[in-house]
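Below are the chains, spelled out letter by letter.
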Amino acid sequence: MRKKSNLIRPSEITSESNYLNRRDFIRAGAIAGGSLIAPSALSAIVPDSRLATLPGVSKSAYSTDEAPNSFEDISTYNNFYEFGLRKEDPVVNAEDFKPRPWTIEISGHAEKTGTFDFDDFMQPFDLEERIYRMRCVEAWSMVIPWVGISLADVVKHFQPTSKAQYVAFETLNDRAQMPGLRGRSLDWPYREGLTIAEATNPLPILAVGIYGKVIPNQNGAPIRLVVPWKYGFKGIKSIVKIHFSSTRPKTSWNMAAPNEYGFYANVNPGVNHPRWSQARERRIGGSIFASKQETLMFNGYGDEVAHLYKDLNLRRNF
Ligand SMILES: Nc1nc2c(c(=O)[nH]1)N[C@H]1C(S)=C(S)[C@@H](COP(=O)(O)O)O[C@H]1N2
Ligand SMILES: [Mo]
C-alpha cells in the first residue's frame, strides 16, 4: 500500500504570532485592495494558517455537491463536552490541547492488536476529501469538507475475527488537558460504537483534517469518527481506543439518557426526540430568518445504508 499520510508535526505548524501577523496581513491586504470585505467574511474563507496542509489528498466520489460551511462555522460552533458545554467553549478551551504525541490502542477480537503511534497507525491508509452533510440531534446541520481515511479500510487492516460484532471507540480521558472532565455532564471517557456492518460500510471515515488542513483541536484532533447518516453525537472525537467486541458497547449519550439517545442514532425525520421534532433542521451559517429545511431519512445517505436496517424496527431501535 502507498504511504500517503505523512502528517505534519505540531513543531512544523507556524506560531500564534505568525498566525496573527498573517491574518492582519490578509485583512490589511483586502482593505488596501479596496474590497470592503468584512473581517467575518475573511475568516470564513481563510482556514486557520497555523494548521499544516495535508499532503496527497484525493477527492472522493462520495462527496456531496452542496456548498460547504465556512471554516469559521466548522471550527467555532462545536460540541466537545470535554472542553465545555457551550458551542463557543471548545475553540477557546482546546487551544492548548496536545494532539501529539498520540497513540491508538487496538484491542479485542482481531488478528492484529496493539498500541500504535499515530503516524504508524496512519501509514497504510490513503487520505481522501469527503464533503459530507452532518446533522446534529439538536436539529442543526452543516456541510463539512473532511479529510480522512476509510473506516472500512482500517477495520479490514486489523483483521477482526468472526466474534467481532461491534467496533467500540473511546476518547482521551485527560483531566490535565480537558477542563470539562471535572464536570459530570457525561460518564467519562466519551464512548461510541458501531455494528461491524456499519463500520465496514464505505461511508464512515476517521477524519484527520478539514478544508485540506490538519483538523483543529476543537473538531477532534488528531483523529475522530465521521458517520454521515447518523446524528452528530456518534462522531466521537480525539480517539485513543478502538475495540473489536462480541457484545454491544456502551455509548455515552445512551448511558446519559437512554430514552432520548439510542445506540443506532440514525438520522430519521419520522422519529422525534422525546422533547423536540427531528423533521426539519437549521443549516448553520444561513440567515436566522431563513426557513428550516427538511431533514432527509438517513440524512440523504439512504441509497448507501438503508439495507443495513431492513430487518430493524427503526422506531424501537432509534
Ligand atoms: N469526545 C467527544 N466527541 C464528541 C462530542 C463530545 O462532547 N465529546 N460531541 C458530539 C456531538 S453531540 C456532535 S454534534 C459532534 C460535533 O462535531 P463538530 O464540533 O466537529 O461539528 O461531535 C460529537 N463528538
Ligand atoms: Mo450533537
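Since the structure is predicted, the reported quantities are computational estimates derived from the model, not experimental observations.

(A) Examining the overall build of the protein more closely. For the protein, the count of helices and strands is nine helices and 13 strands. Taking all 318 residues of the protein together, the buried fraction comes to 51%. Taking the contacts inside the protein whose residues are at least 6 apart along the sequence as the reference set, 73% of them involve residues at least 24 apart. Here the protein displays about 15100 Å² of accessible surface, and carbon together with sulfur accounts for 52% of that area.

(B) Representation of the packing of aromatic side chains within the structure. A full pass over the atoms with the stated rule returns 16 aromatic pairs. A connected cluster of aromatic rings, assembled from ring pairs, spans Y166, F263, Y264, F298 and Y309. In this arrangement the basic side chain of K87 is found over the ring face of Y77, its NZ or CZ atom lying 5.8 Å from the centre. Over the ring of F263 we find K234; its NZ or CZ atom is 4.5 Å from the centre of that ring.

(C) Unusual backbone geometry, seen in detail. For the peptide bond that leads from R100 to P101, omega is -10°, which places it in the cis range. Topologically, P101 is positioned in the loop between α4 (89-93) and β2 (103-108). Residue P189 follows W188 across a cis peptide bond; omega there is -5°. Phi at A265 takes a positive value of approximately 55°, unusual for a residue other than glycine. Relative to the assigned elements, A265 resides in the loop between α8 (252-256) and β12 (280-283).

(D) Structural detail: the pairing of strand β8 (residues 205-210). Of all six residues that make up β8, six are buried, and the element is covered over most of its length. Two elements, β8 and strand β10 (residues 224-226), share three bridges in a ladder whose sense is antiparallel. Across the sheet, L206 pairs through a bridge with L225, a residue of β10. Across two bridges, the pairing between β8 and strand β9 (residues 213-214) is antiparallel. Following the sheet pairing, G209 is matched in β9 by V214. Taking the residues between adjacent antiparallel strands as the criterion, β8 and β9 are bridged by two residues, where Y211 takes a positive phi near 55°.

(E) Quick peek at the sheet that holds strand β11 (residues 239-245). One open sheet accounts for five strands, arranged β3-β2-β11-β6-β7; its pairing is mixed. Looking at strand neighbours, the two that pair on one side only are β3 (114-117) and β7 (191-195), the edges of this open sheet. On average, each strand axis in the sheet is tilted by 20° relative to the strand beside it, whichever way the strands run.

(F) Structural detail: the confidence of the model for the protein. Looking at the protein, the pLDDT average stands at 89 and 86% of residues meet or exceed 70. Scored below 50 in pLDDT, residues 1-39 shows 50 contacts in the model against residues more than four places distant or in partner chains.

(G) Expanded view of the site of ligand 1. In the vicinity of ligand 1 lie 15 residues, with N78, Y81, E82, G235 and K237 positioned nearest. Contact distances for ligand 1 include 2.7 Å between an oxygen atom and a side-chain N or O atom of K237. Here ligand 1, which alone exposes 540 Å², has 96% of that area covered by the protein. For the shell around ligand 1, the residue count by class is six nonpolar, six polar and three charged.

(H) Broad picture of the pairing of β7. Within β7, five of the five residues are buried, leaving the element largely enclosed by the surrounding structure. Neither face of β7 is exposed, since R191, G193 and T195 on one face and E192 and L194 on the opposite face are all buried. In terms of strand pairing, strand β6 (residues 166-171) meets β7 through five bridges, oriented antiparallel. Paired with E170 across the bridge in β7 is R191.

(I) Expanded view of the pattern of salt bridges. Summed over all chains, the structure comprises 14 salt bridges. Among the ionic pairs, E95 bridges to R50, the shortest N-O distance being 2.9 Å. Of this pair, E95 sits in the loop between α4 and β2 while R50 is found in the loop between α2 (39-45) and β1 (58-59), placing the two residues 45 residues apart along the sequence. Residue classification places E95 among the partly exposed positions, given a relative accessible area of 43%. The partner of E198 in a salt bridge is K230, with the nearest N and O atoms 2.6 Å apart. Placement of the pair is E198 in helix α7 (residues 196-199) and K230 in the loop between β10 and β11, with a sequence separation of 32 residues.

(J) Representation of the environment of K59. Note that K59 resides in strand β1. There is a polar contact of 3.2 Å between the side chain of K59 and the side chain of E129.

(K) Representation of the environment of R282 in the model. Residue placement: R282 occurs in strand β12. Here the alpha-carbon distance between R282 and R135, two residues 147 residues apart in the chain, equals 9.4 Å. Beyond its immediate sequence surroundings of up to four residues, R282 is in contact with Y77, A139, W140, S141 and K292.

Calculation notes
Residues numbered from 1 in each chain as written. Chains lettered and ligands numbered in written order. Predicted model: local features only at pLDDT ≥ 70, side-chain atom pairs only at ≥ 80, totals over all residues. Heavy atoms only, no water. Helix = DSSP H or I, 4+ residues; strand = E, 2+ residues; numbered from the N terminus. Buried < 20%, exposed > 50% of the residue type's maximum accessible area, 1.4 Å probe, protein only. Contact = heavy atoms within 4.5 Å. Areas by Shrake-Rupley, 256 points an atom, 1.4 Å probe, with all protein chains shown as cover. Phe/Tyr/Trp six-rings, centres within 6.5 Å; stacked < 30°, edge-to-face > 60°. Lys NZ or Arg CZ within 6 Å of the ring centre and 35° of its normal. Pairing = 2+ DSSP bridges. Axes fitted to C-alpha atoms, helices over the stretch in contact; angles between N-to-C directions. pLDDT = per-residue confidence, 0-100. Near = heavy atom within 4 Å. Polar contact = N/O pair within 3.5 Å; in protein donor to acceptor, adjacent residues only side chain to side chain. Nonpolar A, V, L, I, M, F, W, Y, C, P; charged D, E, K, R; others polar. Salt bridge = Lys/Arg side-chain N within 4 Å of Asp/Glu carboxyl O.

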